[in-house]
Amino acid sequence: MTEHADTPLEPEPLPVEPDTKDWTWTLHETCPECGFTAGEVDGPSVADRVQALTDPWQEVLARPDVATRPDPRTWSPLEYACHVRDVCRVFTERVDWMLRKDGPDFPDWDQDNAAVAGRYHLQDPAVVARELREAADDVRAAFATVERGQWQRTGRRSNGSLFTIESLGQYFLHDLAHHLVDVDA
């Protein structure tokens, strides 16, 4: 006879409302929610700004309530940290494609699906802290390798939005700044 442990299953959190906004307007306007003005950042300074916008996550991930959602349909700080880690990875790939290919089309990346599939709510904060630091280092290095004449190389999102490496970096930095506000960091 085999014994089975009666271990309660972790309930799946409610899905967050999908973010369907086109945030490219933040390239030309100050974001009223976080105060970041992406268009004021020049390409060569993107790499330097990554660290300042990712370092606070180490402290956020050390919070005792890091996995607690502020309400059922808003990500917890842990889920936001996983998202930021994965955003760093996605943008590292995109910079690499833009440097290696002429005008690449970026594959779709569904952040909401990534959160569910990656089970962000169950990830270990200490592991996420390490992975986020590594991903931030990688994306910082990717932007640091861009040479003077390469900042205007282009790539296109599946929705048709055209980016230069410089505007991609600006857009990316806004995402980092915005999520720090989301978690009160």
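Refer to the structure printed above.
Before going into details, it helps to say that this report is about the structure given with it.

Parameters at a glance
Residues numbered from 1 in each chain as written. Predicted model: local features only at pLDDT ≥ 70, side-chain atom pairs only at ≥ 80, totals over all residues. Heavy atoms only, no water. Helix = DSSP H or I, 4+ residues; strand = E, 2+ residues; numbered from the N terminus. Expected span 1.5 Å × (residues − 1). Buried < 20%, exposed > 50% of the residue type's maximum accessible area, 1.4 Å probe, protein only. Core = buried A, V, L, I, M, F, W, Y, C linked by side-chain atoms within 4.5 Å. Phe/Tyr/Trp six-rings, centres within 6.5 Å; stacked < 30°, edge-to-face > 60°. Lys NZ or Arg CZ within 6 Å of the ring centre and 35° of its normal. Polar contact = N/O pair within 3.5 Å; in protein donor to acceptor, adjacent residues only side chain to side chain. Contact = heavy atoms within 4.5 Å. Salt bridge = Lys/Arg side-chain N within 4 Å of Asp/Glu carboxyl O.

Digging into helix H6 (residues 165-182)
Argument step 1. With 18 residues, H6 should cover 26 Å at 1.5 Å per step; its first-to-last C-alpha distance of 26 Å lies within 8% of that length.
Argument step 2. Of all 18 residues making up H6, 15 are buried, and the element is well covered by its neighbours.

Quick word on the nonpolar core
Argument step 1. Formed by 53 residues in total, the largest nonpolar core has its most connected members in Trp 57, Phe 143, Phe 172 and Leu 173.
Argument step 2. For this core, the secondary structure elements donating two or more residues are helix H1 (46-54), helix H2 (56-60), helix H3 (77-100), helix H4 (111-117), helix H5 (125-144) and H6.
Argument step 3. Here this core gets 12 residues from one element, more than from any other, and that element is H3.

Comments concerning the packing of aromatic side chains
Argument step 1. In this structure the tally under the stated criterion is 9 aromatic pairs.
Argument step 2. On the basis of an interplanar angle of 25° and a centroid distance of 5.9 Å, the ring pair of Trp 23 and Trp 25 is categorised as stacked.
Argument step 3. Given a relative accessible area of 12%, Trp 23 falls into the buried group.
Argument step 4. These aromatic residues form a ring-pair network of at least three members: Phe 91, Phe 143, Trp 151, Phe 163, Tyr 171 and Phe 172.
Argument step 5. A cation over a ring is seen here: Arg 94 above Phe 91, with NZ or CZ 5.9 Å from the ring centre.

Details of unusual backbone geometry
Argument step 1. Positive phi values are uncommon outside glycine, yet Arg 119 reaches one of about 50°.
Argument step 2. Notably, Asp 184 is not glycine yet its phi reads approximately 55°, a positive angle.
Argument step 3. Tracing the backbone shows Asp 184 in the segment after H6.

Examining the side chain of Thr 92
Argument step 1. You can see Thr 92 is positioned in helix H3.
Argument step 2. In terms of polar contacts, Thr 92 uses its side chain to reach the backbone amide nitrogen of Val 139, at 3.3 Å.
Argument step 3. Setting aside anything within four residues of it in sequence, one finds Thr 92 in contact with Ala 135, Asp 138, Val 139 and Ala 142.

What about H3?
Argument step 1. For H3, with 24 residues, the first-to-last C-alpha span of 35 Å sits near the 34 Å given by 1.5 Å per residue.
Argument step 2. Burial of H3 is extensive: 19 of the 24 residues sit out of reach of the surface.

Observations concerning the pattern of salt bridges
Argument step 1. Summed over all chains, the structure comprises 9 salt bridges.
Argument step 2. Residue Arg 69 is joined to Glu 79 by a salt bridge in which the shortest nitrogen-to-oxygen separation is 2.8 Å. Placement of the pair is Arg 69 in the loop between H2 and H3 and Glu 79 in helix H3, with a sequence separation of 10 residues.
Argument step 3. The exposure class of Glu 79 is buried, given its relative accessible area of 3%.
Argument step 4. With its nearest N and O atoms 3.3 Å apart, the salt bridge here joins Asp 86 to Arg 89. With Asp 86 and Arg 89 both in helix H3 and 3 residues apart, this pair spans about one turn of that helix.
Argument step 5. Exposure remark for Asp 86: the relative accessible area of 14% places this residue in the buried category.
Argument step 6. One continuous salt-bridge network, built from bridges that share partners, spans Arg 85, Asp 86, Arg 89 and Glu 131.

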